[in-house]
Amino acid sequence: MYNRRAETRERSGPRISEYEVQEEIGRGSFGCVRKVLQLSTGKIMVRKEIQYGHMNSKERQQLISECAILSRLKHENIVEFYEWDSDKNVLYFYMEYCSNGDLSQMISNFKKECKYIPEKVVWSITAQILTALYRCHYDSDLAPLETIYDKMKFPVKGSNVVIHRDLKPGNIFLSTGKPSDHPKTSQVLDYNKVSVKLGDFGLAKSLGSSVEFATTYVGTPYYMSPEVLMDQPYSPLSDIWSLGCIIYEMCTLRPPFQAKTYIDLQRRIQAGKFDRIPDYYSNELQQVIDSCINPDIQSRASAFSLLQNMQLRIARKAFQLERFEDNLMDYEKELMNIGNILERQAGEYEAEMNNIKHQYRKEFEFTVEQRVREILNGKKVSGTPDLMTAKPHLHRPDYHWRVKGR
Ligand SMILES: Nc1ncnc2c1ncn2[C@@H]1O[C@H](COP(=O)(O)OP(=O)(O)OP(=O)(O)O)[C@@H](O)[C@H]1O
């Protein structure tokens, strides 16, 4: 077994042998995805297998150094990457299991029911995707909003900028809030309270400050930006184009650019022309889409500029408050649990006290009764005061003296 974990991993995790492999969830372009059970914790995870036997050592090294970056990418809106391992030809990624489906399923559910996705839900999902992209594109976390009017400081880029490169509805996993370590059954999603996790960073490319952009395309054509189509370098703004296509699809329930042939799709994407979203949605939402799906990369919006939008601020604040409420409810539950434990312990303590008292009283009554009986029988009982000699304290009626004195 070829194991390079020690080179890149910050924490020592369990080895492949410590997982029980369960059913296959699906297959992507690079290999299959399976559910696994981590034996030491009982936690269900996902294992993504990537065949890398055909790669040369430089490419392998590149992939392995990306693993190190992914394992540091911790964010509430990003599927957690736990660790990686490998054997000769296969690289195994261990990731958080998302059991409640993805945005592509949500879109097809609405399509089946011939309903629009409520605008509030569209803003909320967009805001969450953007906070995750902000984390990747600037290598820094977005500060929580105190109020929706907060002035946001321009981010100082860290050294590990990550571009997703394969943003699409199928890589946006949904849940109803708090993560569950042991998901047994899928929850019924309340889309008004949906929380988002960006997954499949397996193809993400890390960009060091001096490293040039990658030029190998590995994405899904519908969401591909024109510069990527023209073999120009990826940049974080290529993700923003894809995000625009995703917002558009949430509103119209179909991607903005569709074609029968690849060439036709390429032509349409490069022209960058698409229909307006239905009137059901606000102009503000249309403007956000327009600022993302802009073939001129110089004037395309960034994650930072999009997050200035008031609707996105409101959506972020609402999401923060929901999280806060969830935490409060958890805290309340915990307090109630502690209260119940204390009440039970108090009951047990009282029962024990009563028991001891009862026991003691029985023993005491027995001893007193026994001693009284002994005294009455005229026996000297050790430790018992002699009633007749303990003069000063004893009651002797006066008339006895008088009788004696005569
Ligand atoms: N963390 C996860 N939790 C639950 N399901 C997942 C997770 N990651 C991937 N899947 C599922 O596994 C299947 C295969 O995913 P994978 O990312 O390998 O390919 P894809 O995204 O479908 O296609 P491509 O590789 O071409 O982008 C998909 O159905 C996906 O929803």
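Residues numbered from 1 in each chain as written. Predicted model: local features only at pLDDT ≥ 70, side-chain atom pairs only at ≥ 80, totals over all residues. Heavy atoms only, no water.

Under the annotation held in an unreviewed UniProt entry, the protein carries the name non-specific serine/threonine protein kinase and is attributed to Lachancea dasiensis. What the UniProt record of the protein gives under Sequence similarities (unreviewed entry) is the line "Belongs to the protein kinase superfamily. NEK Ser/Thr protein kinase family. NIMA subfamily." (UniProt positions renumbered as here; feature names shortened; annotations may be inferred.)

*Asks:* Explain the UniProt feature "coiled-coil region" (unreviewed entry) in the protein to me, using residue names and the numbers behind them.
*Replies:* The feature "coiled-coil region" (unreviewed entry), as given by UniProt, occupies residues 307-359 in the numbering adopted here. The annotated region residues 307-359 carries 94% helix and 0% strand content, and the separation between its end C-alpha atoms amounts to 72 Å. (Helix = DSSP H or I, 4+ residues; strand = E, 2+ residues; numbered from the N terminus.)

*Asks:* Any details on the domain arrangement of the protein? Residues and values, ideally.
*Replies:* Along its sequence, the protein is carved into domain 1 (16-96), domain 2 (98-179 + 189-334) and domain 3 (335-376). Using C-alpha coordinates to define each centre, domain 2 is positioned 67 Å away from domain 3. Facing the four residues of domain 2 at the interface are four residues of domain 3. For the pair domain 2 and domain 3, the summed buried area comes to about 360 Å², and 49% of that belongs to carbon and sulfur atoms. (Domains from an automatic or database assignment. Contact = heavy atoms within 4.5 Å. Buried area = accessible area lost by both parts, 1.4 Å probe.)

*Asks:* Go over the packing of aromatic side chains, please, and point to the residues and values.
*Replies:* Under the definition given, this model contains 13 aromatic pairs. Measuring from ring centre to ring centre gives 5.7 Å for Tyr116 and Tyr281, while their planes differ by 70°; the resulting arrangement is edge-to-face. One end of the pair, Tyr116, is in the loop between α3 (103-112) and α4 (119-138); the other, Tyr281, is in the loop between α7 (262-271) and α8 (283-292), with 165 residues separating them in the sequence. Tyr116 gets classed as partly exposed once you look at its relative accessible area, which sits at 40%. On the accessibility criterion, Tyr281 (3% relative accessible area) is buried. An aromatic cluster is defined as three or more aromatic residues linked by ring pairs; in this entry it consists of Trp241, Tyr248, Phe257 and Phe274. Sitting over the ring of Tyr234, Arg165 keeps its end group 4.6 Å from the ring centre. (Phe/Tyr/Trp six-rings, centres within 6.5 Å; stacked < 30°, edge-to-face > 60°. Buried < 20%, exposed > 50% of the residue type's maximum accessible area, 1.4 Å probe, protein only. Lys NZ or Arg CZ within 6 Å of the ring centre and 35° of its normal.)

*Asks:* Break down the pairing of strand β1 (residues 19-28) for me, citing the residues and quoting the values.
*Replies:* Relative to strand β2 (residues 31-38), β1 runs antiparallel, the two being bridged by seven bridges. Directly across from Arg27, in β2, lies its bridge partner Cys32. Between β1 and β2, which pair antiparallel in sequence order, lie two residues. (Pairing = 2+ DSSP bridges.)

*Asks:* Outline the nonpolar core, supporting the account with residue identities and numerical values.
*Replies:* In terms of nonpolar packing, the biggest core is built from 83 residues, with Ile117, Ile125 and Leu306 touching the most fellow members. Residue contributions to this core peak at 12 residues, all from α4. There are two domains that each give this core at least three residues, and those are domain 1 (16-96) and domain 2 (98-179 + 189-334). In contact with Ile125, other than residues within four places in its own chain, are Leu103, Met106, Val194, Val196 and Met250. Of all hydrophobic cores here, the second largest spans seven residues; its members include Tyr19, Tyr82, Tyr92 and Tyr94. (Core = buried A, V, L, I, M, F, W, Y, C linked by side-chain atoms within 4.5 Å.)

*Asks:* I'd like to hear about unusual backbone geometry, residue by residue, with values.
*Replies:* Non-glycine residue Cys114 carries a positive phi angle of around 50°. Relative to the helices and strands, Cys114 is located in the loop between α3 and α4. What makes Cys114 exposed here is its relative accessible area of 70%. At Leu253, a residue that is not glycine, the phi angle is positive and equals roughly 65°. Tracing the chain through its elements places Leu253 in the loop between α6 (236-252) and α7.

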